[in-house]
Amino acid sequence: MVQSLSPDFRDTSSQTGESGGATLLDRARRLVLPDHGDRPVSERTVKNARSKGAASFRSSALTRRMAIVLPRVLFGVCAVLFAMALGLFAFRALYSDKIYPAVVVGDVQVGGLTEADARDKLSTRAGVLETDGLTFSYGGHTWTPTLEELGGDIQVEEALSEAQQFGRTGDAMDRLSFTGDILQQDQSIPLRSTLDPSVLNRWFDQVDQDINQFAVDAVLIVSGTDVSITPDATGTVVDRAAMTSMILQTLEDLQPLNSELPTSVDQPNVVVADLESPRDRLAGSLGEHIRVDFEGTSWRIEPDVMSQYLIVSQSYVNGESTVDIAVDQEALSDYLRETFAAEVNRTPVNATVGWQSGSGLFAKTPSTEGATMKPGEFATMVSDSFLGDHERVSVPVVVTKPRIDQNNLAALKIDSLIGRGDSNFDGSTDSRAVNISVGVDLLNGELVGPGELFSFNGAIGEITADKGYVESSVVVAERVGKDVGGGICQVSTTVFRAALDAGMTLEQWNPHTYRIQGYEYDEWNPGFDASILQLGTDPTMWGDLTFTNNTDGYILVQSWTDYPHVVVEIYGFDDGRTVDIYDQYVSDPIPAPETAGEYVDNLMAPGTWDIAEYPLNGLEASFMYTVTAADGSLITERYFGTYFKERGLMYKVAPGMEGQSPAG
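This text gives an overview of the structure that appears in the document. (Residues numbered from 1 in each chain as written. Predicted model: local features only at pLDDT ≥ 70, side-chain atom pairs only at ≥ 80, totals over all residues. Heavy atoms only, no water.)

**Some details on the overall build of the protein chain**
Put simply, the rule is: Helix and strand assignments come from DSSP, with helices taken as H or I runs of at least 4 residues and strands as E runs of at least 2, each series counted from the N terminus. Relative accessibility under 20% of the residue-type maximum defines a buried residue, over 50% an exposed one, and the middle range a partly exposed one, all with a 1.4 Å probe and only protein chains included. Contact definition: two residues touch when any of their heavy atoms are within 4.5 Å. Throughout, the Shrake-Rupley method with a 1.4 Å probe supplies accessible areas, and for residues the shown protein chains are the sole cover considered.
Looking only at helices and strands, the protein chain has 15 helices and 36 strands in total. For the protein chain, buried positions account for 37% of its 664 residues. For the protein chain, the proportion of contacts with a sequence separation of at least 24, taken over those separated by at least 6, is 71%. Counting every atom, the protein chain has about 36,700 Å² of accessible surface; 51% of that belongs to carbon and sulfur.

In structure tokens:
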């Protein structure tokens, strides 16, 4: 049913000619400005009111439409998201134990495979490359190294782990993005590998050896006195950087490689120009000899000798070539020792000294300093001269002063006569007198240092005929006979008496077996004699007379003969000592046996016999000997006791004549 409009709301626009008509304007006025009453309202106010009303009307309409559409949109979005979530859940469930699809490791498709299957596939692919994936050729050589020989290792497990985690890490959006990515294209993971540089370089070294075209360094050559340089030359070696890059790329691509071996020029480290200056310097060194001097004598060391000990070494360090020229010091030292030691070395020679009344101690013969070459220092000096300006070299030596220096006799501290001994050899045979004279001459001038031991055998040496000794009577093993040097005990007895008088400390002393009355001439009592015996070739087994020089200076033993006397004097440092010989004792004679005896003498003529020894009484003798220092302290003290054996008449017989002498 259509309701008619009230006359007040009819459209009168046709009558007024205005859109909306006055009625609408009036209505607006009443609606918008109710408080104005019957006051007139401006046209502008009316238009503003009309605009606001229209806007309000449109806003209400949009709101009503949004209320209807928005729920429908939200529902659709939720439906899509729910569907996607269901799909993603189903996708993850499907590949829970597999690698996501479209995943490629190197050139191996592993998407959709289990971890074990993917491992087998990758290992198979890597195995092919490890065994026969690389081939290089050059100059007729072919190399097919295994990955192990190159120090390579394809990291299958690391790549497999990365593939397994691909798309499973990050937040939800990352995982959702990955799902979209695999729908568009494969997702690649490199099959990583490593190379051990030390192993790889060893293989490179071997390749270089196989090529055998190394650069050749220039070399400085010394032959005798000639110096030359061998030329340098370039070579060919493997280009290690290029090779390493190729191998790494092959491992990354997992593609076999068959390639020409990349090479580079091997430059020599040492070129001819580097050696020209050292060559000239060395040639100059080998152009002159070296002059060596010692005490007015000169020698020459020729260049060809020095060239034998040259050491020329070349090196290349930090981009610089160096040449070291040196001399083999040890070898040169040996050469100098062998060549010059006999010319230079000498032992010091002591001065011989004597005492002269009125002038004291003097040098009878001059002393000479000893010299010992120092070969090590000598070699250094010769080397420096050779490599330098060839200056003259004085042989370096160690100087050894003589113990008895003619220029320093005062050091011996010999200032006076401190002891004297004498004996009488009247009635001796000519042969015995000769032996006494020889012994006295050998003994004369003997020097003994403070604290040193005097040895009579050491002073006169071995008793031999070549020294002038002759055969004379001796007592050996209690038998009277003849031997070279018989009578020498006259000299040792005289020394014994001088040593007692000087207050020396007697060490070894041996009395005679039988009493020799000649030693008792000039009022010497029995027991003041000393025998020596040189039997055999071992001096340590000889019977000797020894004493210690117990003074603070040297002592000088001087001896001579003034027929019929032997005189021995000892000069030294007079320290105020006192010598006492007391409690002298001489027994009654001990009667000789009344019966005669005999012994066999192998040197006697067959069928003969002779008197060897006449009867001789025995005797005992002794004395005390004390030496006291100036301050009263005891220096030495000793008891000397002698038992002279008695003997009866004794015959000697030839072999086979036993019992046929008068003693038999």
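**Observations regarding the pattern of salt bridges**
The condition that has to hold: What counts as a salt bridge is simple: a side-chain nitrogen of Lys or Arg found within 4 Å of a carboxyl oxygen of Asp or Glu.
The final tally for this structure, using the stated rule, is 17 salt bridges. Its salt-bridge partner being Asp293, residue Arg392 comes within 2.9 Å of it at the nearest N-O pair. Linking Arg392 in the loop between α12 (375–387) and β20 (393–394) with Asp293 in strand β13 (residues 290–294), this pair joins segments that are 99 residues apart in sequence. Overall, the relative accessible area of 53% leaves Arg392 in the exposed class. The class for Asp293 is buried, based on a relative accessible area of 18%. Two residues, Arg515 and Glu520, come together in a salt bridge whose shortest N-O distance is 2.8 Å. The exposure class of Arg515 is partly exposed, given its relative accessible area of 21%. Its relative accessible area of 18% is what places Glu520 among the buried residues. One connected set of salt bridges, linked through shared partners, spans Glu115, Arg119 and Glu157.

**Remarks on the environment of Gly354**
Here Gly354 lies in strand β17 (residues 352–356). Residues Gly354 and Val557, spaced 203 residues apart in sequence, show a C-alpha to C-alpha distance of 8.8 Å. If we skip the residues at most four places from it in the chain, Gly354 touches Gly360, Leu361, Phe362, Lys364, Leu556 and Gln558.

**Considerations on the packing of aromatic side chains**
Selection rule: To pair, rings of Phe, Tyr and Trp, with the six-membered ring standing in for Trp, must have centres within 6.5 Å; the planes then decide the type, stacked if under 30 degrees apart, edge-to-face if over 60, and tilted in the middle. Both a distance and an angle decide whether a charge sits over a ring: NZ of Lys or CZ of Arg must be within 6 Å of the ring centre and within 35 degrees of the ring normal.
Going through the model one piece at a time under the given rule, you end up with 16 aromatic pairs. Arranged with centres 5.9 Å apart and planes meeting at 55°, the rings of Trp203 and Phe204 form a pair that is tilted. You'll find Trp203 and Phe204 in the same group, each marked buried. An aromatic cluster of three or more residues is present, and its members are Phe496, Trp509, Trp524, Phe528, Phe623, Tyr625 and Phe640. The lysine or arginine in question, Arg168, covers the ring of Tyr100, its NZ or CZ lying 4.0 Å from the ring centre. Its guanidinium or amino end placed over the ring of Trp524, Arg497 lies 4.2 Å from that ring's centre, counting from NZ or CZ.

**Some thoughts on the side chain of Thr494**
In this fold, Thr494 is placed in helix α15 (residues 489–502). Under the relative-accessibility criterion, Thr494 is labelled buried at 0%. Non-local contacts of Thr494, meaning those with residues more than four positions away in its chain, are made with Gly421, Asp422, Ser423, Val566, Val567 and Val568.

**A short note on the sheet that holds strand β24 (residues 453–455)**
Counted only if it meets this: By the convention used here, strands pair only if DSSP detects at least 2 bridges between them. Structural elements are reduced to axes, namely lines fitted to C-alpha atoms, with helices fitted over the stretch in contact, and the angle between N-to-C directions of any two is expressed from 0 to 180 degrees.
Spatial ordering of the open sheet is given by β24-β28-β27, a layout of three strands whose pairing is antiparallel. Bordering the open sheet on either side are β24 and β27 (505–508), each of which pairs with just one other strand. In this sheet, neighbouring strand axes are inclined to one another by 30° on average, regardless of whether the strands run parallel or antiparallel. Relative to strand β28 (residues 546–548), β24 is paired through three bridges, and the arrangement is antiparallel. Of the residues in β28, the one forming a bridge with Leu453 is Thr548. Against the sheet, α15 makes contact with β24, β27 and β28, and its axis sits at roughly 145° relative to β27, the strand it touches most.

**Some details on helix α8 (residues 240–253)**
To keep things clear, this is the line we draw: Take the number of residues in a helix, subtract one, and multiply by 1.5 Å to get its expected span. As used here, the arc is the angular range of directions from the helix axis to the C-beta atoms.
Compared with the 20 Å implied by 1.5 Å per residue over 14 residues, the 20 Å span of α8 between its first and last C-alpha is a close match. Of all the residues in α8, the buried ones are Met243, Ile247, Thr250 and Leu251. Each buried residue of α8 lies within a common arc of 95° when the element is viewed along its axis, so the set occupies one face. Backbone geometry just downstream of α8 places Leu254 in the positive-phi region, at approximately 55°.

**Some details on the sheet that holds β20**
Taken together, the three strands give an open sheet; going across it, the order is β14-β13-β20, and neighbouring strands pair in mixed fashion. This sheet does not close on itself; its edge strands, each paired only once, are β14 (297–301) and β20. Where β13 lies against β20, two bridges are found, and the strand directions are parallel. Paired with Val292 across the strands is Val393, a residue of β20.

**Considerations on the nonpolar core**
The condition is simple: Residues enter a nonpolar core if they are buried and are Ala, Val, Leu, Ile, Met, Phe, Trp, Tyr or Cys, with the set joined through side-chain atoms within 4.5 Å.
Ranked by internal contacts, the top residues of the largest apolar core, which has 40 residues, are Leu443, Phe456, Phe496, Leu506, Leu545 and Phe547. Secondary structure elements with two or more residues in this core: α13 (430–443), α14 (456–460), α15, β29 (555–562), β30 (565–572) and β34 (619–628). Among the elements that make up this core, the one with the highest residue count is α15 (eight residues). Not counting residues within four places of it along the chain, the set of residues in contact with Phe456 comprises Leu443, Ile488, Val491, Ser492, Val495, Ile532, Asp544 and Leu545. Counting 35 residues, the second-largest nonpolar core is a separate cluster that includes Ile154, Trp203, Phe204 and Leu251.

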